[in-house]
Amino acid sequence: MTLQVEKLTCGYDRKKPVSRELTFEVKEGEFVGIVGPNGCGKTTMLRTISGILKPFAGSLSIGGQLVEHLSRQELARKVAFVPQIMEPVEGFTVEDMVMMGRLPYLERFAFETAEDQEAVNWAIEQLRIENLKGRMIDELSGGEFQRVMIARALAQEPKLLLLDEPTSHLDIRYQVKICKLMRRLRSHCSLLATFHDLNLASRFCTRLILMSRGEIVADGAPADVVTAENIWKVYRIKVDVKKSSKNDKVRYVLLP
Amino acid sequence: MKRVLNKNQAAAATVVVFFLLVAAIGVSFYLGSAAIDPSQLFNSDIFWQIRFPRVILAALVGMLLSISGVVLQGVLRNPLADPYILGVSAGGAIGAAIAIAFGVGVVVFGMSSVPALAFLFSLAAVVMVYQLSKVSGRTAPETLVLAGVALSAFCSAILALIIILTGNLASIYFWLLGSLSSASWTQVYTVIPYALIGGGIAYFFSKELNAFLLGEEMALTLGVDVERVKLILIAAASLMTAAAVSVSGLIGFVGLIVPHFIRLLVGSNHRFLIPLSTLTGMLLMVVADAIARTVIAPQEVPIGVVMALVGSPFFLYLLRRRRRGER
C-alpha cells in the first residue's frame, strides 16, 4: 500500500514548524531510509505519519485513503510504529508484549482469538525470538528488546511499518541483523525508517531521503543520494564516496 | 519481575477469592459488639439494620477503592497513585469538616450533610486539579499528580484552620481516620450505582488500560483515543473515590496495596487485574471491618487505623520481596 505525503508541515509549535511542505511517496515493497543531521525533523515527521502528532498543513494518505478520514483504530491496523525510546514497562512476558500489537483487532470484551495467536506466532517467527517468548520484558538486552518491539509492531499486520532509528544503541552485529530483517519484511509491508548511519542505510534501503532543516534535500537511489557533494551540503563534512564494483552499493569514508 | 500465576490460575484465583469473600461476609454477620444468640441472628434488628448494611457497605467501599486504584495507577502510569492522589481526600476532608464544625444541614440524594458535603467537595477538588493541570488541551500524568499534591497541601492548611477555629478536633479527626460505624441502608443504596457503573466502565476500558501501560504515545499508535479515554477513566475513578469517601471517610492503603499485590500475582493484564482486585479489595475491607468492630469491643478501632496498621508492613514486605526478586 502506498503512502503519499503531500506538502506536509508538522512540528510541535504551529508558529515554528519543524518540517515544511514535505512531499514524497513510499510505494509498496519499498524500504525507504530517512537520513539527515540531528534536529532536521526526521523523527517529528515519522511521529506525524504514525498519528501521534497532528499535521499542521498538507495531507497524508495510505492506499489512497486520507489519514484524517480514518479512525484511530483503522489507522492502527494499517500503520505500526517502533519508537526509538520506550518508556520502561514491567510485568509483561515477551509474548504478552507482542500480543499488545493485536489491540487494534480485539473486540471489546473478547479475549484473544486463535487468529490473534497466529499473528503473534508469525511475528515472533519473523524476528526469530521464539527462545525469548516466556522471558520477562525487563530482563532483555537492548538488541533483544528492539526485536521484541519490532515483533509487536508486526503483530499489528501493518501495511506500513515506521521505525525511528531502529539500529541506534545496537552493536554492529544487531545493526546488520535488524537491517537484513527489515529488507526481508518488504514482502509484507512498506517500511520507512530513520537512520544516522549513512553507510548502513545505503547498504540496505531501496531508497533514501536526505533531509536538512525540515526540508527534503535529495530523494532517490542510495547511490544518487549519498554523494560527497550532498554530504558536504548537509553535514559540512568532507568525505570520499566509494562505489562497490560488485553490487553498486555506495559507502562514504571520512577524508583525513 | 516474574508473575506467579498464568491465565488459568488467575481465573481460578478469582473464583477462590470470590468464595473467600462470601465466607468472610457470612462470618462477619456473627461478629460484633452486641452479643446475639446465633440461632436468633436473622430475627434480630441489630442484624438487619446495623450489621448487614455495614458488612455490605464495607465490601462496596473496598470495591470502589480498589477499582479506582487500579484505574488511576494505569492511567497515570504511576505506581504510587492511589484513589486519593488527585485531591479527592483533601476535598472530601474539607467538606466533612465544614459539615461537622458548622453543623450544616443539607441533604443530597438522601445522604446526610457530612457525606453529602464530603462528596461535593471531593468532586470540586478533582475538577480543579484536572483543570489546573491541563496545558493546551492535554494533561500530562506528571502534571496531574503534582497538581493533586499541591492542592492537597492547600486543603490540609484550610482543614487545620477549620479545626483550630472551631475546636472540633476529635470528631473531625475520627472522620479522617475512616470508619464505617454510621453505615445504613441509605448509604448502601447511594454507593451501589457508583460501584457497579464505575466497575463496569473500568472493565469496559481494560483493553485501553493495557495499552496505557506502554505509554500514551504507544497507546495512540495502537488505536486508542488517549485523551478521551483518559478523561472518562479519571472521571469514573474520581466519582468512585468520592462515593467511598462520603460514606467511610479516608481509608488509606486499600487502593494502593490491592492492585500492587494482584499485579504481582497475575501480571499487568487488566482483564484479570480488575476483577481480581475488585474481589480482593472487598474481601480485605470486610475482614478489616470485622477486626475494627471486635478487637477492642465494645469500643471500635477506626477501620483506617486497622488498614494502615496491617497494610503498611505488608506493603513494605511486598516491596522488599519484589526488589530482591529483581536482583
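Further up the page is the structure itself.
Residues numbered from 1 in each chain as written. Chains lettered and ligands numbered in written order. Predicted model: local features only at pLDDT ≥ 70, side-chain atom pairs only at ≥ 80, totals over all residues.

Visitor: Explanation requested: the overall build of chain B in the structure shown.
Guide: Tallying secondary structure elements over chain B gives 13 helices and two strands in all. When its C-alpha atoms are laid out on the principal axes, chain B stretches across 60 × 50 × 35 Å. Taken across its 327 residues, chain B has 51% of its residues classed as buried. The long-range fraction of contacts in chain B, counting pairs at least 24 apart against all pairs at least 6 apart in sequence, stands at 78%. (Helix = DSSP H or I, 4+ residues; strand = E, 2+ residues; numbered from the N terminus. Buried ≥ 20, exposed ≤ 12 C-beta atoms within 10 Å, placed from the backbone. Contact = placed C-beta atoms within 7 Å.)

Visitor: For this particular structure, what's the right way to read the overall build of chain A?
Guide: Counting its regular elements, chain A contains nine helices and 12 strands. Here chain A has a C-alpha radius of gyration of 19 Å; the compact-globule value for 256 residues is 18 Å, and the two agree. Of all 256 residues assigned to chain A, the portion counted as buried reaches 41%. Nonlocal contacts in chain A, meaning residues at least 24 apart in sequence, comprise 66% of its contacts between residues at least 6 apart. (Rg over C-alpha atoms; globule rule 2.2 N^0.38 Å.)

Visitor: What am I meant to see in the packing of helix H11 (residues 254–266) of chain B against helix H12 (residues 270–294) of chain B here?
Guide: Packed helices, taken two at a time, are described by the angle between their axes plus the distance between the axes. All names here are of chain B. Two numbers describe how H11 lies on H12: the axes approach to 9 Å, and their chain directions differ by 130 degrees. With respect to H12, the axis of H11 lies oblique. In terms of crossing hand, the pair formed by H11 and H12 is right-handed. The segment H11 lies against H12, with Val254, Val258, Pro259, Ile262, Arg263 and Val266 engaging Phe272, Leu273, Leu276, Ser277, Thr280, Gly281, Leu284 and Met285. Considering only residue class, the contact of H11 with H12 consists of 10 nonpolar, three polar and one charged. (Axes fitted to C-alpha atoms, helices over the stretch in contact; angles between N-to-C directions. Parallel < 35°, antiparallel > 145°, perpendicular 65-115°, else oblique. Left-handed = near helix turned anticlockwise from the far one by under 90°. Nonpolar A, V, L, I, M, F, W, Y, C, P; charged D, E, K, R; others polar.)

Visitor: Can you help me understand the pairing of strand E8 (residues 190–195) of chain A in this one?
Guide: Regular strands have side chains that alternate between both faces of the sheet. Residue and element names in this part refer to chain A. Among the six residues in E8, six count as buried, and that is most of the element. Here E8 shows a buried face lined by Ser190, Leu192 and Thr194 and a second buried face lined by Leu191, Ala193 and Phe195. Sheet analysis places strand E3 (residues 31–35) next to E8, joined by five bridges and oriented parallel. Bridge pairing in E8 links valine 35 to phenylalanine 195. Note: strand E7 (residues 160–163) against E8, four bridges, orientation parallel. In the strand pairing of E8, leucine 160 is matched with serine 190. (Pairing = 2+ DSSP bridges.)

Visitor: Any chance you could explain the interface of chain A and chain B here in plain terms?
Guide: By a frequent convention, interface size equals the accessible area lost on bringing the separate parts together. Each partner contributes residues to the interface: chain A has 22 residues there, and chain B has 20 residues. Breaking the side of chain A that touches chain B down by element, the ones donating at least two residues are helix H2 (72–76) and strand E6 (79–82) of chain A. With four residues, H2 of chain A is the largest single contributor of residues to the side of chain A that touches chain B. Tallied by class, residues from the side of chain A that touches chain B come to 13 nonpolar, four polar and five charged.

Visitor: Could you clarify how one ought to interpret the pairing of strand E12 (residues 250–254) of chain A in this entry?
Guide: Judged from the five bridges that link them, strand E11 (residues 239–243) of chain A and E12 of chain A form a sheet pairing that is antiparallel. Paired with valine 239 of chain A across the bridge in E12 of chain A is leucine 254 of chain A.

Visitor: Would you take a moment to explain the environment of leucine 208 of chain A for this structure?
Guide: Residue and element names in this part refer to chain A. Within the secondary structure layout, leucine 208 lies in strand E9 (residues 207–212). Exposure remark for leucine 208: the 24 C-beta atoms within 10 Å place this residue in the buried category. For the pair leucine 208 and alanine 218, spaced 10 residues apart in sequence, the C-alpha separation works out to 7.9 Å. Apart from residues no more than four positions distant in its own chain, leucine 208 is found in contact with Gly33, Val35, Ala201, Ser202, Pro222, Val225 and Val226.

Visitor: Is there a simple way to explain H12 of chain B in this structure?
Guide: In an α-helix, one turn spans 3.6 residues; hence positions three or four apart end up facing the same way. Here H12 of chain B spans 35 Å end to end across 25 residues, near enough to the 36 Å set by a 1.5 Å rise per residue. Among the 25 residues of H12 of chain B, 22 are classified as buried, and the element is accordingly described as predominantly covered. (Expected span 1.5 Å × (residues − 1).)

Visitor: Can you walk me through the packing of helix H1 (residues 7–29) of chain B against helix H2 (residues 45–75) of chain B in this structure?
Guide: All names here are of chain B. Two elements in contact, H1 and H2, have axes whose closest approach is 10 Å; the angle formed by their N-to-C orientations is 150 degrees. It follows from the interaxial angle that H1 and H2 lie roughly antiparallel. Note on packing geometry: the crossing formed by H1 with H2 is right-handed. Between H1, through Ile25, Ser28 and Phe29, and H2, the contact on the second element is made entirely by Phe47, Arg51, Val55 and Ala59. Residue composition of the contact of H1 with H2, grouped by class: five nonpolar, one polar and one charged.

Visitor: Teacher, can you tell me more about the sheet that holds E6 of chain A here?
Guide: All names here are of chain A. Taken in spatial order, the six strands of this open sheet run E6-E7-E8-E3-E9-E10, and their pairing is mixed. Sheet topology places E6 and strand E10 (215–220) at the edges, where each strand pairs with a single neighbour. Direction aside, the axes of adjacent strands within the sheet are offset by 20 degrees on average. Strand contacts of helix H1 (residues 42–49): E3, E7, E8 and E9, with the helix running at about 150 degrees to E8, the strand carrying the most contacts. Helix-sheet contacts for helix H5 (residues 142–155) involve E6 and E7, and the interaxial angle to E6 is about 170 degrees.

Visitor: Help me understand unusual backbone geometry in this model?
Guide: Among all residues except glycine, the phi angle is most often negative; among peptide bonds, the trans geometry is most common. All names here are of chain A. Within the chain, glutamate 165 stands out as a residue other than glycine whose phi angle is a positive 40 degrees. Turning to its location among the elements, glutamate 165 is positioned in the loop between E7 and helix H6 (172–185). Owing to 20 C-beta atoms within 10 Å, glutamate 165 belongs among the buried residues under this scheme. In the Ramachandran plot, arginine 236 falls in the positive-phi region, its phi being about 55 degrees despite a non-glycine side chain. By secondary structure assignment, the location of arginine 236 is in the loop between helix H9 (228–235) and E11.

Visitor: Quick question: what am I supposed to make of the environment of proline 222 of chain A here?
Guide: All names here are of chain A. Mapped onto the fold, proline 222 is located in helix H8 (residues 222–225). In this structure the C-alpha to C-alpha distance between proline 222 and phenylalanine 204, which are 18 residues apart in sequence, comes to 9.1 Å. If we ignore the near neighbours within four places in the chain, the residues touching proline 222 are Ser202, Cys205, Leu208 and Val250.

Function cannot be inferred from these measures alone, as they are strictly geometric.
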